[in-house]
Every structure is written in structure tokens, then in C-alpha cells.
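Observations on the model geometry
One letter stands for each residue in the lines below.
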Amino acid sequence: MAGEFVVLVVLGVVVPRRRDPAAPRVVHRTARVGLRVTAGQRRRCFGLLRSAGDVWACVLEVNGWRRRRRDAPLTSYQELCRELSVSGPSTFGELDSTGARSVLRRFSDAWFAAAKRRKDGDLSARFPRRRRGLVPVRWYHGTFALDGARVRIPTARGAAPLWVRLARTVPYPVEQVRSVTLLCEGGRLFLDITAEVPALTYRAGEGPDPARVAGVDLGIIHPYAVAGPDGAGLLVSGRAIRAEHRMHLADTKARCRAVARRAPKPGQKGSRRWRQYRRRAWQVEGRHRRRVRQAQHEAARQVVSWAVRQRVGVLRVGDPRGVLDLDAGRRHNLRLRQWQIGRLLQVLTDKAVLAGITVHLVDERGTSSTCPACRRRMPKPRGRTLTCPHCAFSGHRDLVAAATIATRTPGGGTTTPTPARVPGVVTHRRAGRHLPGAGRSRRDPRRPSRAARGSVGPRRPAPPPGGESLAQKARIHNTHRTPGER
């Protein structure tokens, strides 16, 4: 196909679109901004989301009738828009036709995505047949107004104008904003603002080189472990993210135990106090998701920034999503769900595309248990260090896996055609500095340390001559006291 393509990254969906080769390369980026609304504005915004849910439910009802009559379902966007025009104006409260059509577009995309997955052999894919109370609504350029920290949300003809205030300024120029999406998360109202920004450009000889390839290994303790060319490596620690998941689960269990006696019986209507507790639980859950999402973006940004400095043009990422189909028990299944592999891949891909770096998914099977020196398989080590019993090679397990991933080709299976080069110079970074309790320690910031249990810890080196050591003094608990000593 002639001409150049521009990549649009809108809410995690990468869509190729043809453009003029002479035009500058641009990408679409989305920023989520909270809303500061009054009680009346909040009621009207939730009314728009509920009206969008009514549109979704009407599409399900119409297709249910057609299915019972053995007719073809209405799935294409054009057919759904024709049905919407027949319904007439003001059918769905204050929701205008543009917002209703965005719901129809969301339904059509979901239906065809499920159909494609089932055609490819994935029988677990399901068509959209579940009702939703609140459905996000999107408005495109020309239908809304942006005035500084205020946004006018379109409403149906005859309804009063709806102006809302943003919690922070829009991070993009007004002329670059292309769409806004109203949604609710954790009981709070947000506005996703999508703008068309120019892609990152480099001077001659400083941009990413397609001949320089780096391997990326995904994990829980280290969300990203990167082995690049010239013996350079990067380790991004995710211990703060793991601690946030653990402490959030512990807090949720504690709240459930505390209110178990106040919970209404099955079939009874809840009290006002119970509704307040549920609202508070939704707010805590939404805050937890936002914290983890921000930490994941920080980790991906550190990987892409490191790759730009190393002039890496291709990232080969190991795809571990095959482990999601294995039932490994209640605890390990929870760890896999909290890992969020798909979001890590999506965030890394979006930021890499913006920086002009190509991302390829390769098979990562056996990379953490294969020696890069003698290429022999061994049992997967329990710790972070991989030691080969055959050739006495020793190295960081995640970096060894990343180095092996860098040698594999997309679609090439588990073969390693060239020897892997383990990084000799490793850069350490941490994600989640904003999380509660996250300090400068490399350990889990919200778990009790050994020093708190009375251990003096490992011995530290002597202070440099002429200066004091900045390390804290170890606490020694002497349990042997002389008579009369307090």
C-alpha cells in the first residue's frame, strides 16, 4: 500500500490510518482528568452515562428480538445509526445523537473484535450481550467547547448547557484536542481528553537504529528487565507495586470483617450507612487502580527513555500470556491477575511507538531456565540468580531471560539462533515512588523489615576517611541484663 501510515493510540487501541507523506508524523495521546462538579452537575453527568447504558441495553434488546425471529443481528455501525435515527430526538434524556452514536460505535467494535477472535479459533471470546448501567460517552472535535479549565459537554436539543470544571489544566494545546470521553471510575467522574500531538523527532544520527535490538522480559518483581546492545541492561523494580497489591488486599479483608455484622441480610434493603460504606469501598478501589496504573506508566516510561538513550530501534518483548490459561491454585491465580500482563504490553507499546521504536512479541518459553553460555536447560531457580551446573555460568535470572529473548525472532518459536550476550553494566530503576510508604529502600516498602524484628542486619563497610557514614546505626536488643538493671 502506497503512502506512509500514522499510528493513532486512542484508549489503548492502535489504529493505522493513511496520510499525506509530506505531512508531519503525528500520534494521538489521551490524558485522564478529574472533574470538579456541583451536586446538580454530578446528577446530570451521571444521567448522561445512564442514558448511554440505555442505548446499550436497547441494542441488546433489538438483537435479542431478531435472534428469536432467526434474523441477522444488527452489528455494523451504519445499521445501528439508522435504527437510532428512527427512534427520534430526546429518546434518551439529555444524551445527544453524537454521544449515542459513540455508544453504537463501541458496541460494533466489540462485536467484530469478538467475531474475529472466534474466527481465529479462540472459542473463549464472547459477543457483547451483557447490560451495563454506566457506559462511557465520547464527543468529537467540533461538538464540545474547551475554555481553559472549563469544558462544555454537549446535550440534547432543548436541554440547558452543561459546563463542568476540570481538576487540572489540559496538558495539550486547545487546537490539538480531538475528542473528550466522559466516564466514571470508582464513583468519580473523569474526562479522557485525546489530542493529536506531533511524534518525537531526532536529529540526524541520534534517532533509534533498527539494527540495535533489545530484549524485554516481563515479570512481577521486575515489571521490565531489558538487555540491550553493547552489554547494557536495565532493571525496573516493581516491589512497591507488589506491596500496594498486598496491602490493598489486607485492607479490603479487614474492612469486610469489620462491617460483617452490619451488612444487610439477603433480600433486605440496605441502610444509608451501608450505602456510605459501599461508596467508600468503591472510592478506595478506584484509588488503588489509579495508583497501580500510574506506577506502570512510570515503569514503561523509564524503559523507553533508556532505549532512546541507547538508540535501540527494536524491542523484542517476551509474551508470557500463555500462563494465564494454567490453573496454578488460588494464590498464584491472584498474582497472575494482579500482574496485568496485557496492560504492561499495551503501555510499553504505546510509548515505544511514540518514540519511533518498533515492538515485536516473541516466544519467551524457557528463557529463564536456559544457560546463555552452553544453551542447556536447567531447573528454573527460585531466587534471582541463575547458576548453570554445567558450565558454572552465573547471572541475574531476569537479565538472562531478556538477553535470550533479544536473540529470538517473531514466529520463530523457542529457537535461539545466535548466542545471547548478558549485560555487564546494569541500570537499576524503581517504579511507584508515589505509593504510600515507598521510600528509598529496595525492599518492599510496606512490609516489616528484619531490623524491626530485632536483627542487626548485614555488616556495613567502614565509613570513608574524613567523613561519616550516612547509614543508620543497627539496633541491638540485649536480652541479658544484670540483676537490678532496668
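The structure reproduced in this document is the subject of the present report. (Residues numbered from 1 in each chain as written. Predicted model: local features only at pLDDT ≥ 70, side-chain atom pairs only at ≥ 80, totals over all residues. Heavy atoms only, no water.)

Right, let's get into the packing of aromatic side chains. Taken as a whole and judged by the stated rule, the model has four aromatic pairs. Judged by centre distance (5.3 Å) and plane angle (80°), the ring pair of Trp111 and Phe112 falls under edge-to-face. An aromatic cluster of three or more residues is present, and its members are Trp111, Phe112 and Phe127. Looking at Arg105, its charged tip hangs above the ring of Tyr77, at a distance of 4.0 Å from the centre. The residue whose ring lies beneath Arg132 is Trp56, and the NZ or CZ to ring-centre distance is 4.4 Å. (Phe/Tyr/Trp six-rings, centres within 6.5 Å; stacked < 30°, edge-to-face > 60°. Lys NZ or Arg CZ within 6 Å of the ring centre and 35° of its normal.)

Attention shifts here to the pattern of salt bridges. One side chain can pair with another of opposite charge once the charged atoms of both are near each other. Under the defined criterion, the tally for this structure stands at 16 salt bridges. Residue Asp319 pairs with Arg321 through a salt bridge whose shortest N-O separation is 2.8 Å. With relative accessibility at 24%, the residue Asp319 sits in the partly exposed group. Under the relative-accessibility criterion, Arg321 is labelled partly exposed at 38%. Salt bridges sharing partners connect three or more residues here, namely Arg32, Glu185, Asp192, Glu285, Arg289 and Arg293. (Salt bridge = Lys/Arg side-chain N within 4 Å of Asp/Glu carboxyl O. Buried < 20%, exposed > 50% of the residue type's maximum accessible area, 1.4 Å probe, protein only.)

Moving on, we get to the sheet that holds strand S5 (residues 145-147). As summarised here, the arrangement of the seven strands in space is S4-S8-S9-S3-S7-S6-S5, forming an open sheet in which the pairing is antiparallel. Every other strand in the sheet has two partners, leaving strand S4 (137-140) and S5 as the edge strands with one partner each. Pairs of neighbouring strands in the sheet enclose a mean axial angle of 30°, with direction left out of account. As defined by bridge partners, strand S6 (residues 150-153) adjoins strand S7 (residues 162-166) across four bridges and the pair is classed as antiparallel. Note on S7: the bridge partner recorded for Val151 is Val164. (Pairing = 2+ DSSP bridges. Helix = DSSP H or I, 4+ residues; strand = E, 2+ residues; numbered from the N terminus. Axes fitted to C-alpha atoms, helices over the stretch in contact; angles between N-to-C directions.)

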